[in-house]
2 protein chains.
Amino acid sequence: MKKAALLGCGIVGGGVAAIFRDNAAYLEKSVGEPVELKYILEKRDCSGEPWANLVVGDFSVIESDPEVSVVAECIGGVGVAYDFVKRALLAGKSVVTCNKQLIAERGLELLELAERKGVFLLFEASVGGGIPLIRPLTNCLSANRIEEVCGIVNGTTNYILTQMIQCNQDFDSALADAQALGYAEADPSADVDGIDAMRKICILADLCFGSNVPPEKVPTEGIRGVHAEDAMLAERLGYAVKLLAHAKRLDGERFTAFVAPHLVAKDKLLANVGGVMNAVLVRGNAVGETLFYGAGAGRMPTASAMVADILDTMRRGNGRKFIEWGPEQPERFVHPDEVPARWFVRCSGALGGDLADACVSADGFCAAVTAPMTRAALEERLQGVAVESVFRVLD
Amino acid sequence: MKKAALLGCGIVGGGVAAIFRDNAAYLEKSVGEPVELKYILEKRDCSGEPWANLVVGDFSVIESDPEVSVVAECIGGVGVAYDFVKRALLAGKSVVTCNKQLIAERGLELLELAERKGVFLLFEASVGGGIPLIRPLTNCLSANRIEEVCGIVNGTTNYILTQMIQCNQDFDSALADAQALGYAEADPSADVDGIDAMRKICILADLCFGSNVPPEKVPTEGIRGVHAEDAMLAERLGYAVKLLAHAKRLDGERFTAFVAPHLVAKDKLLANVGGVMNAVLVRGNAVGETLFYGAGAGRMPTASAMVADILDTMRRGNGRKFIEWGPEQPERFVHPDEVPARWFVRCSGALGGDLADACVSADGFCAAVTAPMTRAALEERLQGVAVESVFRVLD
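Remember, it's a predicted structure, so these values are computed and weren't measured experimentally. (Residues numbered from 1 in each chain as written. Chains lettered and ligands numbered in written order. Predicted model: local features only at pLDDT ≥ 70, side-chain atom pairs only at ≥ 80, totals over all residues. Heavy atoms only, no water.)

Colleague: Help me out: how do you make sense of the relation of the copies chain A and chain B in this one?
Modeller: The operation linking the two copies of the chain is a rotation about an axis combined with a translation along the axis. Overlaying chain A on chain B yields an RMSD of 0.0 Å, the required transformation being a rotation through 180° with an accompanying axial translation of 0.0 Å. The superposition of one copy onto the other is thereby described by a two-fold rotation axis. If distances are taken from each C-alpha of chain A to the rotation axis, the shortest is found for Phe292(A), at 2.5 Å. Looking at chain A, 98% of its interface residues are interface residues in chain B too, so the copies touch through the same face. (Least-squares fit on C-alpha atoms with pLDDT ≥ 70 in both. Contact = heavy atoms within 4.5 Å.)

Here it is in structure tokens:
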């Protein structure tokens, strides 16, 4: 009999509890012995819940119970969640989490602690919800040098951009719709300002490049600066506007990582990922391009990824979990503005010189895509132009 | 130090040898100790090859060397490959293979043998080349009941169909182009008649539904019956023609599995997978739809999947690899013709009744998509109609 404990039983935690309740026979078959959720740590009144008999209010009950081999953290943030995860690892328990902030900010320290204690810290659910991504990246593609990871990792912003493109809505009205549908929070900042996507690309970059990428180092631009005119003119040029989290190996061991709106050519799969769906493209030196697509959030997808991680810790005896994630190497990080890119430029009035021929125009604006250049070269090129928007083009 | 042996050093085997040579430091970091390719079993003269010093001609050298913990099989077929894989497992060595015929036809027996000997039999490279698929399915999605697996798993036929759609080519001319480019073999039957795809869907169905699906039970239709007119009329109706390998859970424990050309609505990602690329959609009861995309074949993608499997056997101590793949349960298998589907029908002349309104026509043909019905109901419906083509529509 293998026993787990759950910290926090809100949306995702409730999904984890439901899977343990509904799929018990199935989980047992998967692990090779019975599997039980022994405790749920929850402060609120849960007397009406089907799992009320499992609730404890004090973490030390879980921490000190040697029967609990794995703890699943669904509290969120880096306050008590950090404290409890650390104590669980110190007590020799494996930890599974969907907490991207915790992993992005404290992953290095917690992974080192897990390694020292000979237990696992798994976080498949922290990026891409239910989409298998972390394990394929660290395990299935382990014979590859990962060259690039690039994806749509925030469903809220992808929904808003899809509405702007398909219904010609402006940002404020698309955001209001997303809020009405429950796809965006009352305070939408973590989504629309790119912070959620930034935490996810930190985790992916950590894993791909093997050294810690502190969140505060990652240039992050959300979608508040994307206008209906950008979406429309991009469309005319054959592109869709997508908020991408992007990490790329450059020459030698250097790399960049950032979050920003991009134009994506419509014949690429990423351009066809609509609504709240997520998709992440991974390019390896042997495998070439692979892409992983699915629901990037939501109760059951995220819970299913957490339960798979829980089962994984239960099945593996002393197997070694390979994750190369060392200390920060600041000299490897290159600001994305220094990396040449093609740029989409929208301006009021006209674009002169070599861009004039390639322009499309509507409603008094004109737009074109430049040749590859750095941000500084672009700014020099655009002196005197009444620029409205500038976004990178994905190549 | 962990040591591996390679059986067969052709296209894929050569890629495996190259990864061991070029990425040695990287592989060592991944396993936690040095990793070596000790032997290559190859009958042909290899004196000019960089790995010539590793070549042995007699499998018993590998079989009897206790230093070799894992054997990678790249011979193909079910003749000597079957014999050597069985002997390797009996000798207590893990086996990694890209041989889909071997796994589709003998997987059950070989997995039971591996389990009995306490070693691994891994075959990530047998389906989808370098695309991580088997491990995500059996591990990352292990908290799900898999409802459906459906994908483009043969690059040759996808290339031919893409040419037919985009360039309005007929089958024979697109096949000749594919052969000229090296995407199709001189004898293209295994690809164009769907046999390769059928072996892959057998493996996926085995894993998803937990009981053996013998290849001879799986109805298999290739693309020789797809005409340029089908592609064109499908396009007008808003669909692309794709050869899909399809396995689906029906009511209760019953399921179907088959290979056939399908019409795929153009707003689905699968419709946008062009050229030689592969993509597999997996639907789980918790995660919803996920999709895995990438190069489905080729030297380095396939080799990278094999090396990842090799590293996995080396890293895992006595971890239990969970694969539920039991004996055949014939009563669970339902012929796909008994499963209601919408159908694309192309005929010369006119389609009457309720289909007349929805018809598109060109070049003396007309085509429409029916309501959902079984094949028998469709045939009754089409009595007296000069039917040219009938394909399922993916829903």
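Colleague: What is the right way to read the packing of aromatic side chains from this model?
Modeller: To describe a pair of aromatic rings, one takes the distance between the centres and the angle between the planes. All names here are of chain A. For the coordinates displayed, the defined rule picks out 13 aromatic pairs over all chains. Considering the side-chain rings of Tyr159 and Tyr183, the 4.9 Å spacing of their centres and the 65° angle between planes classify their relative orientation as edge-to-face. One end of the pair, Tyr159, is in helix 7 (residues 155–167); the other, Tyr183, is in the loop between helix 8 (171–180) and helix 9 (189–192), with 24 residues separating them in the sequence. With relative accessibility at 10%, the residue Tyr159 sits in the buried group. Here Phe209 and Phe255 contribute two aromatic rings whose centre-to-centre distance is 4.5 Å and whose plane-to-plane angle is 25°, an arrangement assigned as stacked. (Phe/Tyr/Trp six-rings, centres within 6.5 Å; stacked < 30°, edge-to-face > 60°. Helix = DSSP H or I, 4+ residues; strand = E, 2+ residues; numbered from the N terminus. Buried < 20%, exposed > 50% of the residue type's maximum accessible area, 1.4 Å probe, protein only.)

Colleague: When you look at the sheet that holds strand 4 (residues 68–73) of chain A in this model, what are you seeing that I'm missing?
Modeller: Backbone hydrogen bonds hold the strands of a sheet together, and the pairing may be parallel or antiparallel. Residue and element names in this part refer to chain A. Pairing is parallel in the open sheet, where six strands are placed in the order 3-2-1-4-5-6. Pairing within the sheet leaves two strands with one partner each, and these edge strands are strand 3 (55–56) and strand 6 (121–122). Pairing analysis gives two bridges linking strand 2 (residues 35–41) to strand 3, with the strands arranged parallel. Within the sheet, the bridge partner assigned to Leu41 lies in strand 3 and is Val56. (Pairing = 2+ DSSP bridges.)

Colleague: Explanation requested: the pattern of salt bridges in the structure shown.
Modeller: Residue and element names in this part refer to chain B. In the structure shown here, the tally under the stated rule is 55 salt bridges over all chains. As a salt-bridge pair, Asp309 and Arg135 come within 2.6 Å of each other at their nearest N and O atoms. In this pair, Asp309 is assigned in helix 12 (residues 299–315) and Arg135 in helix 6 (residues 134–140), connecting sequence segments 174 residues apart. As far as burial versus exposure is concerned, Asp309 and Arg135 are alike and both buried. In this structure, Glu147 engages Arg145 in a salt bridge whose closest nitrogen and oxygen atoms are separated by 2.6 Å. Taking relative accessible area as the criterion, Arg145 reaches 37% and is therefore assigned partly exposed. (Salt bridge = Lys/Arg side-chain N within 4 Å of Asp/Glu carboxyl O.)

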